[in-house]
Amino acid sequence: MPGVDKVGADLLARKVTRRDFVKTGSLLALGATSFPTILAACSTGGSPSKSGPKTLKILQWSHFVPDYDKWFDPWVKAPPSQYEQSTVDMSDVVKQVEKKYGKQLDFARLTNFNPHTNRYFGFTYSFAPDPGDYRQSFFQQVGMANGPTSWEEMLTATAQIKSKTKGAVRGGIGFSPEPDSNMAARALIWSFGGSEQDADSNVTINSDAVVGAVDYMARLFKQAETAEVFSWNAASNNQGLVAGSLSFILNSISAYRTAQASKPDVAKDIFFSKPLSGASGVKPLASEHVIQTYIIPKFSKSQDVAKEFLLYLADHASDFVYQSKLYEFPVNPNTNAQDKLYGQGGWLDSDPYKSDPASKLQVLKDATTWSVNVGYPGPASPAIGEIFDKNLLPSMMAAAARGQKSPKQAVADTETQIKAIFASWRQKGLVGGTK
Amino acid sequence: MAEVEVRDIRKSFGGGSAAVDGISLTCGNGEYLVLLGPSGCGKTTLLRMIAGLEHPTGGDILIGGRSVRGLPPRARKIAMVFQSYALYPHKKVEQNISFPLEAQGMSREERIEKVKWASGLLGIGHLLQRKPRQLSGGERQRVALARALVREPQVFLLDEPLSNLDAKLRASARLELKQFQQRVGISTIYVTHDQVEAMGLGDRIAVLNQGRLQQVGTPEEIYHRPANTFVATFVGSPPMNLVSRDGKLVGFRPENIELEKTAGSRDDAAVFHSRVLRIENLGADRYVYLRVQDDKGDTNIIAKLPIDHPLHVAADDDADVIVRKRHLRMFDRDSGEETAA
Amino acid sequence: MSEPAARRTVIIDETVRVHHLLDREEVLGPLMLAPLLIYLVALVGLPLLFVFIYSFSDATTGSDTFNFVGLETFQKTIADPVFQVALRNTVVFTVIAQAVVIVLATILGFVLSANFRGKWFVRFLILLPWTTPVALSALAWLWMLDSLFSPFNWILGQVHLIDQGTPVAWLGQDSLAVASVVALQAWRTLPLAAVILMAGLTSIPPELNEQAEVDGAGFWRRFFDITMPLLAPIMMVAILFGIVATFTDMAAVYILTRGGPGDATQVLGSWSFYTGIQGGSLAQGAAIGIFMFPVLLGVCILMLRRASRTDAF
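Conventions we followed
- Residues numbered from 1 in each chain as written.
- Chains lettered and ligands numbered in written order.
- Predicted model: local features only at pLDDT ≥ 70, side-chain atom pairs only at ≥ 80, totals over all residues.
- Heavy atoms only, no water.
- Contact = heavy atoms within 4.5 Å.
- Buried area = accessible area lost by both parts, 1.4 Å probe.
- Salt bridge = Lys/Arg side-chain N within 4 Å of Asp/Glu carboxyl O.
- Helix = DSSP H or I, 4+ residues; strand = E, 2+ residues; numbered from the N terminus.
- 1 Å grid on protein atoms, 1.4 Å probe; cavity = no way out; pocket = protein on both sides within 12 Å on 5 of 7 lines; lining within 4 Å.
- Points joined across faces, edges and corners; volume = space filled by probe spheres on them.
- Nonpolar A, V, L, I, M, F, W, Y, C, P; charged D, E, K, R; others polar.
- Buried < 20%, exposed > 50% of the residue type's maximum accessible area, 1.4 Å probe, protein only.
- Pairing = 2+ DSSP bridges.
- Polar contact = N/O pair within 3.5 Å; in protein donor to acceptor, adjacent residues only side chain to side chain.

Draft legend 1. Structural detail: the interface of chain C and chain B. Counting residues at the interface gives 18 residues for chain C, matched by 23 residues for chain B. Approximately 1,900 Å² of surface area, both sides summed, lies buried where chain C meets chain B, with 59% of it carried by carbon and sulfur atoms. It is Q211, V214 and D215 of chain C in chain C that bury the most area against chain B; as a group they hold 33% of the surface buried on that side. Between the two partners, chain C and chain B, sit four salt bridges. The closest approach of N and O atoms between E102 of chain B and R221 of chain C, which form a salt bridge, is 3.9 Å. Elements that contribute at least two residues to the side of chain C that touches chain B include exactly α10 (206-214) and α11 (219-247) of chain C.

Draft legend 2. Quick peek at empty space enclosed by the protein. In total, this model carries 11 cavities of 30 Å³ or more according to the counting rule given. The volume enclosed by the largest cavity comes to roughly 150 Å³. Lining the largest cavity are 16 residues; nearest its centre among them are S424 of chain A together with D58, A59, K76 and A283 of chain C. Listed by contribution, the elements that provide at least two residues to the lining of the largest cavity are α19 (407-427) of chain A together with α4 (72-79) and α14 (282-290) of chain C. Class assignment of the residues belonging to the lining of the largest cavity gives a composition of five nonpolar, seven polar and four charged.

Draft legend 3. Here's a closer look at the pairing of strand β12 (residues 290-295) of chain A. All names here are of chain A. For β12, a buried count of six out of six residues is recorded, marking the element as mostly surrounded by other parts of the structure. Here β12 shows a buried face lined by V290, Q292 and Y294 and a second buried face lined by I291, T293 and I295. As paired strands, strand β6 (residues 123-128) and β12 are joined by five bridges and run antiparallel to one another. Bridge assignment links T124 to a residue of β12, and that residue is T293.

Draft legend 4. Structural detail: the interface of chain A and chain C. Tallying the contact residues gives 39 residues for chain A and 44 residues for chain C. For the pair chain A and chain C, the summed buried surface comes to about 3,200 Å²; carbon and sulfur atoms form 50% of the total. Applying the counting criterion to the chain A and chain C interface returns two salt bridges. Of the charged contacts, one joins D58 of chain C and K428 of chain A as a salt bridge, the two residues approaching to 3.7 Å between their closest N and O atoms. Our count for the chain A to chain C interface comes out at 11 residue pairs in polar contact (both at pLDDT 80 or more). Looking at the side of chain A that touches chain C, the elements with two or more residues in it are α3 (73-77), α10 (236-243), α17 (382-389), α18 (392-401) and α19 of chain A. Sort the elements by how many residues they give to the side of chain A that touches chain C and α19 of chain A lands first, with four residues.

Put into structure tokens, the structure is as follows:
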């Protein structure tokens, strides 16, 4: 598989010093936007009973060249729940970490825990928020210098910018078979009061709220976008924002970080917004952009070593947050990163990586309150994963936007597909719910 | 039927020497003209230029008195039979024969009539429904001829049509070809490297070498009065013997030699002293290989003597070679052209 | 050499060494064939077997156990509207791409077999796409057709056919996306077809065309009445290769459009991959793949029959 690095780290073969860990830890933190990360620990030489040197093999997603890696994001953004039957139960690790650093955030628990089987099939330790990213100079021209707060505002502004620039600067919400479009579709649906499933894994896609969201997307496409949005890959919206042909996108801060190095003047013009509000009385939400979960395959020979490594990881949250340039946030509330990141005058108040202004990332201070997992309000599951991987929601939006189906019809057809997927996985006993 | 005339025609293929280097030649009305020469002499190129398959780099071609330069093959009213017969492998014999008529846009009824006539003429009426691969070599030749005949061309162009036949078939095919041409009476230009074919078929023979015309004449003229040493040695088997004497090359045919132990001096003949190297008995004839002393030293010659003719010498004997004067031909030693005696 | 003679040599030598073993056809033959056989069984035969097994099961990627469910997976697959689109697209794309290929490959075949200066360079250029792995060439095309960076858009902008900054969404509009995928498939299968047809053209004796010329046939009559019928058997081979390459391919669609816009360019290969590998429903992914099988089987039978016919001419 391209882009996946095999990092053989004989971490625990020696007594791990603090320095060793920081070195290795930074390597992982930079590279650890992977999902799922597979820990396969096995002994090298001698009988397994003898406590000889051990090698920990970490199979994970490399993010050293973020722009390029964006390409392969589809491989890593899907919830790993389809591997549940083949992974080691992580309850002990999760419990231990929770004891030290507080209960996992809800959406993290829903990502690594299957309530239906009552198993922790992975260990989730960090996530990346998915705010709105906009070019302030364009929004200034339409009197919205502080960016949009609602989906309607965003539509109005991007449509105005598009007509002012004669089509040269367009809206940047994708309708394409790629992860960013998937997350945008879900953020919109939640903010309009809909969802794929309820908390008990019943399919709830066919609702007025979802039809409203699809109708909105069709309007957004017609007024503010062009057919390019159907053709995007995961990197396209980043590139368009930096190139100045898109005014607003939903994405993590990675594009911004890249621009800081390569195009400082563009980076200076990029600002972030909180999730956009949709229906009145509904809390605006965003999907986590990336959520990091380690799984240990059952065939791993030294599961205890792997678990030990994960505990170290949790102990050093501030390292992965800092080294990832604030891309990754911890999912437990009381880690050693908590104050440094969120505290008064902390990293988000004053970006150590030289944002201009330094408070640019303040928007993310309450990211844990508006970030949710794919599948919200229900848990991640193989069914949710398959819906994500088959890009059913972006395709649903695209069908309406391209005028192939009415929003109502698009939603109804997608419901049929989703129900079939749920039925399959329920048969296997991996997904709860009945409807 | 028409006369074919080529005037100072030339052809060179990018660089190198010319394949055809200024040939002028006429094939008379109804004549059977054979182009004879070794491979690479330009005879096929000449034929293909007449057909219109190659464009001359210079000179002119006239068919029936009209220049055909620039006319495509189909406008030249010619028919051609290739060495391989070039039968269309995916078409039945009937379709092969009627192909030129279809191209003319002839009606179906007429076509059927014509095919019947042509196939009847060549005795292949029973083969019409076969595919070419089901035919023998001789049958293929006849199909190719029928196809050439059917459009009633002014000129037949035949490119070594017998070379694909085995030796046994060749003699009978030659006869058939000749009879066929005599019956239809169409001007025919026939290319071959086989002098036996040329002698047997041609009303006249044009001998070519290195892109140039060496001699044109009836088979008798070509054989008995070769215009130069090339023609002399190319035509005839074994070839004409050439011996250097008195500053000239003296040529004589092997069958015109008489052998005596000692001939003495004779007025009516030339005498060469020689030594017998070897005698081969070939049934009807014998070949006697001789070494003759001439101006330049030693030259090997061959004598062809009828088997019933008494022979008085044996290998390693000295012998005198006697050639009557009327059988002697003189050639210039430098140019090789025939000169007066 | 006859068998007994060969054996006798060994006996006289009285030392059976390795190279003597290798001299024996019954040892050397299987030995040389073994790598291919192992390859075929391990990387073609077994996976094919698994696809059949999985398609009658409820297998998923996350588990190595599964149950047989009879035809249930197929029923689900056929009911899936995206599958129906993918099946139709696969057939339509293949037919159009190969129709284009046949026309262009015939023209290219003539170009390749003609004599002109710089012929080797033209041949090299024509063959180049064929030597490039499909994933690489698809990536190259992806950038060529990118909504932001497309050089085509830049050129169109330079000649003022479109306004600068308002790119044509090559992969975003249904018709253009379909055309792009078909064009990529045609482009990448064209070189092989052109080479096959070139070989076919050179194998037609030139005097057949000359004979036809003398017989009074013009260019088109010669082309349709002589060249085409003689080329047909070898053209068939080129088409069959093209069908296999296009029908089974997922890389072109997966890299270029990922099935979009919507599902407008979804094909069996890509949908099977999304469903079976990424989505985890291995059984259904296998069932989707199975639908390629009848077509490929038909192509194989045609090819084998073609190969066993020696009397084409």
